[in-house]
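# Remarks on the overall topology
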Amino acid sequence: MIPAIEQLCEAVRAAVPDAVLEIIPSTPAAAQPALLVDGAHVVAVAKYLRDDPSCRLDFCSCVTGVDYLAKGSIEVVYHLYSVALKHGPVVLKVRAPRDLDQCRVPSLTPVWRGCEFQEREAFDLYGVKFDGHPDLRRILMWDGFQDFPMRKDYVPPADYEWEPTPHDEVLKRAKAGGGIMPPSAAVEVKK
Amino acid sequence: MITAPIANMTGKIETQTLEVSIGPQHPSTHGVFRMDVVLDGEIVRALKPVIGYLHRNHEQLAEKMAWLHSMPYTDRLDYFNSMTNNWAYALAVEKLAGIKVPERAEYIRVIMAELSRLQNHASAIGFLLQDCGAWGTPLLYAFREREKILDFFETVSGSRMMCNYLRFGGVRVDLDEPMLAMAREIVAKFPKFLDEFEKLMTTNEVVLARCQRVGILPKELAIAGSISGPVARASGVEYDLRKVDQYGVYGRFEFGVPVGPVGDVYDRYYIRVLEMREALKILQQALRDIPAGPAQAPEVKLRGFKIPAGDGYGRVEGPKGELGFYLVSDGGPKPYRYHVRPPSFINITVLEDMCLGHKVADAIIILGSIDIVLGEVDR
């Protein structure tokens, strides 16, 4: 069995002494508390969780981003299981500021290969840059797309056909409260 | 006059690398999927999957509607298995909210999920053999059986493929006795189809020549690459969520988890045949033991359904692999975050590793053996 989250937290603290750790509760029914790790030490913590004989979390099941607009941060969530010992999940969370320039966390693809496409998806939809990812490109949206559509403050363009990315006019209209559709979207061809 | 090249020919033919874009409109890509392939002669030297042609931001849609309203949208993820998609979403929500499901509903869910598995695996290997060049016959044999199961789904839920059948805390319609009799008949007749199918295909010389030792996925890479479902088990990873998590009432049934010795295309074909036989065992036990009682927990509200704030992850063993839902609730009527963990999407992470060094024709059947559905890959 996987040790309780408090013991796991202590074990991680002993293995990676400088890591800043925090336990985040889930809903009482789900009972999947998470371990929040600071970005600088997440790779070391991940390697410990994968290699430690009592954890052996060799299977990174699910990677995703969550945009907490009110808190001003984007959270990347990793759900880890062990195929060898058949236990889990251990939930690993990393936070980054929402600001596009600073929104970066280290990639865990070198630790678990299965993160590769899922981290690309988190980059594509949330704009999280994963340092050390071997091939960080858009995966679901098209290459010319500029914004990150799963962010909570994303404003969709009026018409994808004519306005592939939400340019200034659309954002201005949305800010003014005039709705996102222009009076005649079809004739507004960009030069 | 071509004297010079022949005179220079000393046994080695120089080839040039060629970049080919297979798809998105290619019959063997199982939908709008593209592979950018670098070929040296016929040999694959690099392969990059290109996806997103069917992307509709399913997750954002779900975050803009009430919890229950996205249940019919989950049907459209893996449109072969709407029943297991429903179950994965319902299971995640029930886990977050702490809802207990009545026993009869659990049995009905097992029956529906295992019938889904039967028709999914039958058509998956039908498509795989079609990719191998067995044009029509195996696929249509498989579709003939699938049709009977879809008829059953239609009788129960009103729809053949987009069933929208499960609800939080139960199922939408209870099974009556004629419906159960229909399911029993399907289960009784299915082994005959399997035997016939195996006689045609399992030891077929062409199938053996095309599939054995092609596209081997080593066990270590399967685990590290988060590969799940029949693809992982064909590589010898003994990991079946029905056994590991024992969600629902799977702990009560006796069934085996077949694992493959090599992890090539042939193992991925045969593992599905064996899993169908195990699914039949589960179905026989479930149809025998199904208890009487309510099929829906009465305390779960349909309108104004809310979940206490927090997050959680629920997963089921879908026919294509581990299908999970990560949900975050802020206590409101809508999910704050709704994330799907689609098995097809993650299983193509290692597609390049499996295809390198093989011929381009093998790349097609390696893709076929993973069994992807683009509705789920692109979401």
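Presented here is a report on the structure given in the accompanying data block.

What counts, and where the lines are drawn
- Residues numbered from 1 in each chain as written.
- Chains lettered and ligands numbered in written order.
- Predicted model: local features only at pLDDT ≥ 70, side-chain atom pairs only at ≥ 80, totals over all residues.
- Heavy atoms only, no water.
- Axes fitted to C-alpha atoms, helices over the stretch in contact; angles between N-to-C directions.
- Helix = DSSP H or I, 4+ residues; strand = E, 2+ residues; numbered from the N terminus.
- Parallel < 35°, antiparallel > 145°, perpendicular 65-115°, else oblique.
- Contact = heavy atoms within 4.5 Å.
- Pairing = 2+ DSSP bridges.
- Buried < 20%, exposed > 50% of the residue type's maximum accessible area, 1.4 Å probe, protein only.

Let us now look at the packing of helix H6 (residues 137-157) of chain B against helix H7 (residues 177-201) of chain B. Residue and element names in this part refer to chain B. Put simply, H6 and H7 touch, their axes get as near as 11 Å, and they point 170 degrees apart. The pairing of H6 with H7 is recorded here as roughly antiparallel in orientation. Where H6 abuts H7, its residues Pro138, Tyr141, Ala142, Arg144, Glu145, Lys148, Ile149, Asp151, Phe152, Thr155 and Val156 lie against Met179, Met182, Ala183, Ile186, Phe190, Phe193, Glu196, Phe197, Leu200 and Met201.

All names here are of chain A. Spatially, 5 strands are ordered E1-E2-E5-E4-E3 in an open sheet, and the strand pairing comes out mixed. The outermost strands of the open sheet, each flanked by one partner alone, are strand E1 (21-24) and strand E3 (59-68). Neighbour to neighbour, the strand axes of the sheet diverge by 25 degrees on average, direction disregarded. Bridging between E1 and strand E2 (residues 34-37) involves 4 bridges; their strand directions are antiparallel. Within the sheet, the bridge partner assigned to isoleucine 24 lies in E2 and is alanine 34. Where helix H1 (residues 5-15) meets the sheet, its contacts fall on E1, E2 and strand E5 (87-97), and the angle it forms with E1 comes to roughly 165 degrees. Lying on the sheet, helix H3 (residues 115-126) is in contact with E3 and strand E4 (73-82); it crosses E3 at an angle near 10 degrees.

All names here are of chain B. Located in the positive-phi region is asparagine 57, a residue other than glycine, with phi close to 50 degrees. Tracing the sequence through the fold places asparagine 57 in the loop between strand E3 (43-50) and helix H2 (58-63). Given a relative accessible area of 10%, asparagine 57 falls into the buried group. Positive phi outside glycine occurs at arginine 379, with the angle close to 45 degrees. You can see arginine 379 is positioned in the segment after helix H16 (374-378).

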